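In case you want the letters, here they are:
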Amino acid sequence: MLGEVLTAVVTPFREDGSVDVESFRALCGFLLDNGSDGIVVTGTTGEAPTLSDAERMALYEAAVDVAAGRGTVVAGTGTNATAHSVHLTEQAHELGVDGFLVVTPYYNKPPQRGIVAHVEAIAAVTDRPVVFYDIPSRVVVDAEPGTIARLAEIDNVRAVKQAKPSIDAARHVVACGLDLYAGDDDLILPFLEVGAVGGICVHTHVVGTQVKELIASYRAGEVERAHALDEELRPSIELLRVQTNPIAIKKALQLLGHEVGGLRLPLVEADEAETAQIRDCLERLGLVGALA
């Protein structure tokens, strides 16, 4: 539908804190040339809560331009306010994005029927695919099996990005006829084993070609090769766990020569000890200096 490997792209900032659209364009092009079938813009990794609506639209417009004929663009338009999410979706639709990522409303703690009503309202303003983002570690509320089944009844809700390790929940997504994407990077292989399409990833900023090869190997029946690649990629998972996303992946990109700038508060730069851990992970991946 939207591709096997989608990278939730970081948002580069200039020294003055403004969005660096040119560096964003360069990074999107790099990702599409290195294993990503598409990019997810203004997700968690893109520091969406700190971006203005105008900044979001500038990023969507740039991504659509860079990805034309090369890959898909999914706009993260879900927020914890339904009316705002609808507004963002309408605007992003007009800019030509290929789909939308809609997270369970955070902080509000809606009941399950509230989640369904929220997604229904957003899906109603576009005919393009909507990916529901199930990430209870950040939103507190866990989307129940019945909720997934009800979401599957909405015509253009086509997929679920599942960022929780439950294999039963993953199987249920597939059984409901929805495309399943691993929402945590260490879940790609186990989710492929129950019918996933692929992953919406963060580590693919630096190991995109390897992840694409892992998926291709699994689909070709080369299961042992897929497991070997999964093991080789362990340091990329360790890297992401050094500090809250996207702190670690931004530092990794900086170390590899990409112009992504710093972060917006309340996120802060990796400290010296964290940077050393990130560098160690990159060294074990054989990447230090390779992508600069």
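Let me sum up the structure you'll find in this document. (Residues numbered from 1 in each chain as written. Predicted model: local features only at pLDDT ≥ 70, side-chain atom pairs only at ≥ 80, totals over all residues. Heavy atoms only, no water.)

### Some words on the pairing of strand E7 (residues 179-182)
Look at any regular strand and the pattern is simple: side chains alternate between the two faces of the sheet. Pairing between strand E6 (residues 157-162) and E7: 4 bridges, direction parallel. For Gln162, the partnering residue across the bridge sits in E7 and is Ala182. For the crossover that starts at E6, traverses helix H7 (residues 167-175) and ends in the parallel E7, the hand is right-handed. Two elements, E7 and strand E8 (residues 198-201), share 2 bridges in a ladder whose sense is parallel. Following the sheet pairing, Tyr181 is matched in E8 by Gly198. (Pairing = 2+ DSSP bridges. Helix = DSSP H or I, 4+ residues; strand = E, 2+ residues; numbered from the N terminus. Right-handed = clockwise from strand over helix to strand, strands pointing away.)

### Looking at the pattern of salt bridges
Scanning the model with the defined rule gives 17 salt bridges in all. Of the charged contacts, one joins Asp168 and Arg171 as a salt bridge, the two residues approaching to 3.4 Å between their closest N and O atoms. Placement of the pair is Asp168 and Arg171 together in helix H7, with a separation of 3 residues, close to one helical turn. A salt bridge links Arg241 to Asp186, with the shortest nitrogen-to-oxygen separation between them at 2.6 Å. (Salt bridge = Lys/Arg side-chain N within 4 Å of Asp/Glu carboxyl O.)

### Things to note about the nonpolar core
For soluble globular proteins, nonpolar side chains are generally found buried alongside one another. Ranked by internal contacts, the top residues of the largest apolar core, which has 82 residues, are Val41, Leu214, Leu239 and Ile249. The biggest single contributor to this core is helix H2 (residues 53-67), with 7 residues. Ignoring sequence-local partners within four residues, the contact set of Leu214 consists of Ile188, Leu189, Leu192, Ala226, Leu229, Asp230 and Leu233. (Core = buried A, V, L, I, M, F, W, Y, C linked by side-chain atoms within 4.5 Å. Buried < 20%, exposed > 50% of the residue type's maximum accessible area, 1.4 Å probe, protein only. Contact = heavy atoms within 4.5 Å.)

### Let's talk about the packing of helix H4 (residues 112-123) against helix H6 (residues 145-152)
The N-to-C vectors of H4 and H6 enclose an angle of 20°; their axes lie 10 Å apart at closest approach. Relative to H6, H4 is oriented roughly parallel. Crossing handedness for the pair H4 and H6: right-handed. Of the residues in H6, those in contact with Gln112, Arg113, Ile115, Val116 and Val119 of H4 are Thr147, Arg150 and Leu151. Looking at side-chain class alone, the contact of H4 with H6 contains 4 nonpolar, 2 polar and 2 charged residues. (Axes fitted to C-alpha atoms, helices over the stretch in contact; angles between N-to-C directions. Parallel < 35°, antiparallel > 145°, perpendicular 65-115°, else oblique. Left-handed = near helix turned anticlockwise from the far one by under 90°. Nonpolar A, V, L, I, M, F, W, Y, C, P; charged D, E, K, R; others polar.)

### Thoughts on the pairing of E8
Relative to E8, strand E1 (residues 5-8) runs parallel, the two sharing 3 bridges. What sits directly across from Val5, in E8, is Gly199.

### Points about the side chain of Lys161
Its place among the elements puts Lys161 in strand E6. Buried and unpaired, Lys161 has no salt bridge, with Asp185 as the nearest side chain of opposite charge at 7.2 Å. Within the structure, Lys161 has its side chain in polar contact with the side chain of Tyr133 (distance 3.3 Å). Each residue touching Lys161, except ones within four places of it in the same chain, is listed here: Leu101, Val131, Phe132, Tyr133, Asp134, Tyr181, Gly183 and Ile200. (Lys, Arg positive; Asp, Glu negative; His and termini not counted. Polar contact = N/O pair within 3.5 Å; in protein donor to acceptor, adjacent residues only side chain to side chain.)

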